[in-house]
Amino acid sequence: MAERGVAPFTAFIGAEMEELREGYARLSLVLQERHTSPNGAMHGGVIMTLMDSALGASLGALRGQEARRNPHATVEMNAGFLAGARVGDRIVVEGRVIHMGKSIAFGEAEARHNDGDLIAKGRLTFAIRGGSR
Amino acid sequence: MSAGRGPGAIEGPPSSPFTELIGGRFEEWSEDCVRISLVLEPHHTNPSGVMHGGVITSLMDEALGQVIAAARGLETMQVAPHSTVEMNASFLAAARPGDRVVVEGRVLRLGKSIAFGEAEARRGDGELIAKGRLTFAIHDRSG
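Owing to the predicted nature of the structure, the values given are computational and were not obtained by experimental measurement.

How each quantity is defined
Residues numbered from 1 in each chain as written. Chains lettered and ligands numbered in written order. Predicted model: local features only at pLDDT ≥ 70, side-chain atom pairs only at ≥ 80, totals over all residues. Helix = DSSP H or I, 4+ residues; strand = E, 2+ residues; numbered from the N terminus. Rg over C-alpha atoms; globule rule 2.2 N^0.38 Å. Buried ≥ 20, exposed ≤ 12 C-beta atoms within 10 Å, placed from the backbone. Contact = placed C-beta atoms within 7 Å. Nonpolar A, V, L, I, M, F, W, Y, C, P; charged D, E, K, R; others polar. Pairing = 2+ DSSP bridges. pLDDT = per-residue confidence, 0-100.

Visitor: What's the story with the overall build of chain A in this structure? I'm lost.
Guide: What chain A contains, in helices and strands, is three helices and six strands. From first element to last, N terminus to C terminus, chain A shows the α and β order α-β-β-α-α-β-β-β-β. Against the globule reference of 14 Å for 133 residues, chain A gives a C-alpha radius of gyration of 15 Å, in line with a compact fold. Expressed as a percentage of its 133 residues, the buried residues of chain A come to 43%. In chain A, of all internal contacts separated by at least 6 residues, the share reaching a separation of at least 24 is 66%.

Written out as structure tokens, the structure reads:
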């Protein structure tokens, strides 16, 4: 249905998967006019989407085939927005699994400007359906 | 910037280009409530085929940004724009392509430098699918 690890919605908004391994994913996106708010700055939803995707993919890579049998889904997420970003900026979002239990997994995500400045920090919780390990 | 408003849609200020990209449509725009709807399509999904969480969080962010704009007034907002500093969302139920989702944003408190709000997302059948809380900073450029 989609390129490995990349959700259709994430591909639709124009993000690319740069690295994907067990418990870690890194996505990037070059901000365009279509990613903005009325004030011309990056829309917060862009970052929320990339964080959710990065964690979903990193957890998928960690769970392997089991993720296909019993998919995981976001149940809770938060993000603090520390700095803005503008059209032309390249942003990089990294997601890391902090802990994976039988039915719940926890992760964290960071969004940075290309030059390394932190733009946003997030925490995400996923439910693992039918967890039976 | 008005592509998000088809026939019968309400009048209001420009919606975000990002919300137009996603396909959100404004149904109500007032200082009490901003309501945005979307019919889910296959490109709104995650790899397991259900709605991507980013769709809802994006619409929540838009609904709150807009309801705060309505409460503050467009002229005020242009002098001192507001932006999201913190948000959270709990996802209570799933939605699939073909489902209509409706997101409503309301202001809890509007201060001088901070605004607080909450958002709810429901499926067309009325079931609550997500609940969010958002905090915005108001950037006064005149200070």
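Visitor: I tried to follow the interface of chain A and chain B on my own but got confused; where do I start?
Guide: Counting from both sides, the interface comprises 36 residues of chain A and, opposite them, 34 residues of chain B. Going through the elements one at a time, helix 1 (8–13), helix 2 (44–63) and strand 3 (72–81) of chain A are the ones with two or more residues in the side of chain A that touches chain B. Across the side of chain A that touches chain B, the residue classes break down as 17 nonpolar, 15 polar and four charged. Note: strand 3 of chain A against strand 3 (residues 82–91) of chain B, five bridges, orientation antiparallel.

Visitor: So what exactly am I meant to see when it comes to the confidence of the model for chain B here?
Guide: Close reading of the predicted structure is inappropriate where its pLDDT is low. Residues and elements named next belong to chain B. In this model, chain B carries an average pLDDT of 91, and 90% of its residues clear a pLDDT of 70 or more. A low-confidence stretch, residues 1–8 (pLDDT under 50), is modelled with 13 contacts involving residues beyond four sequence positions or located in other chains. The complex prediction reports pTM at 0.92, with the ipTM value standing at 0.91.

Visitor: Would you explain the pairing of strand 2 (residues 34–39) of chain B in this entry?
Guide: Put simply, side chains in a regular strand alternate between the two faces of the sheet. Residues and elements named next belong to chain B. Where strand 1 (residues 25–29) meets strand 2, four bridges bridge the pair, whose relative direction is antiparallel. Paired with Glu28 across the strands is Arg35, a residue of strand 2. Taking the residues between adjacent antiparallel strands as the criterion, strand 1 and strand 2 are bridged by four residues. The pairing of strand 2 with strand 4 (residues 100–110) spans six bridges and is antiparallel. Bridging from a neighbouring strand, Val39 pairs with Arg100 of strand 4.

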